[in-house]
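Inside the fold
Here is what each chain is made of, one letter per residue.
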Amino acid sequence: MEVQEIKKFPKPRKLDSEPTPSQHIKILDCNEPVSRVIFECWHCKQGLLSEVDVTASQYLEITCPNCGKTALRLMADKVLSTTAIPSPWQ
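As the structure is a computational prediction, the values presented were derived from the model and not from experiment.

Parameters at a glance
Residues numbered from 1 in each chain as written. Predicted model: local features only at pLDDT ≥ 70, side-chain atom pairs only at ≥ 80, totals over all residues. Heavy atoms only, no water. Pairing = 2+ DSSP bridges. Helix = DSSP H or I, 4+ residues; strand = E, 2+ residues; numbered from the N terminus. Axes fitted to C-alpha atoms, helices over the stretch in contact; angles between N-to-C directions. Phe/Tyr/Trp six-rings, centres within 6.5 Å; stacked < 30°, edge-to-face > 60°. Lys NZ or Arg CZ within 6 Å of the ring centre and 35° of its normal. Salt bridge = Lys/Arg side-chain N within 4 Å of Asp/Glu carboxyl O. Buried < 20%, exposed > 50% of the residue type's maximum accessible area, 1.4 Å probe, protein only. Core = buried A, V, L, I, M, F, W, Y, C linked by side-chain atoms within 4.5 Å. Contact = heavy atoms within 4.5 Å.

1. Some thoughts on the sheet that holds strand β3 (residues 47-63)
- Pairing is antiparallel across the open sheet formed by four strands, whose spatial order is β1-β2-β3-β4. In this open sheet, the two edge strands, each paired with only one partner strand, are β1 (25-28) and β4 (70-85). Going across the sheet, the axis of each strand differs from the next one's by a mean of 25°, ignoring polarity.

Here you go:
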């Protein structure tokens, strides 16, 4: 019976130079029943301003009016309005 040595190769490391996906977001009036959220769409980076009712919380998805995809996921009662604006981060 022949025994073979098994070589273990090291796992490839994630390079620090690879960008981590992130999303810009700023929450205003967080102590009020209606908060304003300024953010960029996750997909197309369009600037958006949403007013949300935060008196209760449930899982919501805000749809981007520019690309039609989910722009942001958050906990709030309901989305009152969403307006496209120039992105403050570009």
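2. Re the packing of aromatic side chains
- Throughout the structure, instances matching the rule amount to zero aromatic pairs.
- Across the ring face of Trp42, the terminal group of Lys45 is positioned such that the distance to the ring centre comes to 5.6 Å.

3. Notes on the pattern of salt bridges
- All chains considered together, the criterion is met by two salt bridges.
- One salt bridge connects Arg36 with Asp29, and the closest N-O pair in it is separated by 2.8 Å.
- Residue classification places Arg36 among the partly exposed positions, given a relative accessible area of 32%.
- Across the pair Arg73 and Glu61 runs a salt bridge, and its minimum N-O distance is 3.1 Å. Of this pair, Arg73 sits in strand β4 while Glu61 sits in strand β3; the two residues are 12 residues apart in sequence, bridging distant segments of the chain.
- Taking relative accessible area as the criterion, Glu61 reaches 41% and is therefore assigned partly exposed.

4. Description of the nonpolar core
- Formed by Val37, Phe39, Cys41, Leu48, Val52, Leu60, Ile62, Cys64, Ala71, Leu72, Leu74 and Ala76, the largest nonpolar core amounts to 12 residues.
- Counting residues per element, the ones that place at least two in this core are β2 (34-40), β3 and β4.
- Excluding residues within four positions of it along the chain, Val37 makes contact with Ile25, Lys26, Ile27, Leu48, Leu49, Ser50, Val52 and Leu72.

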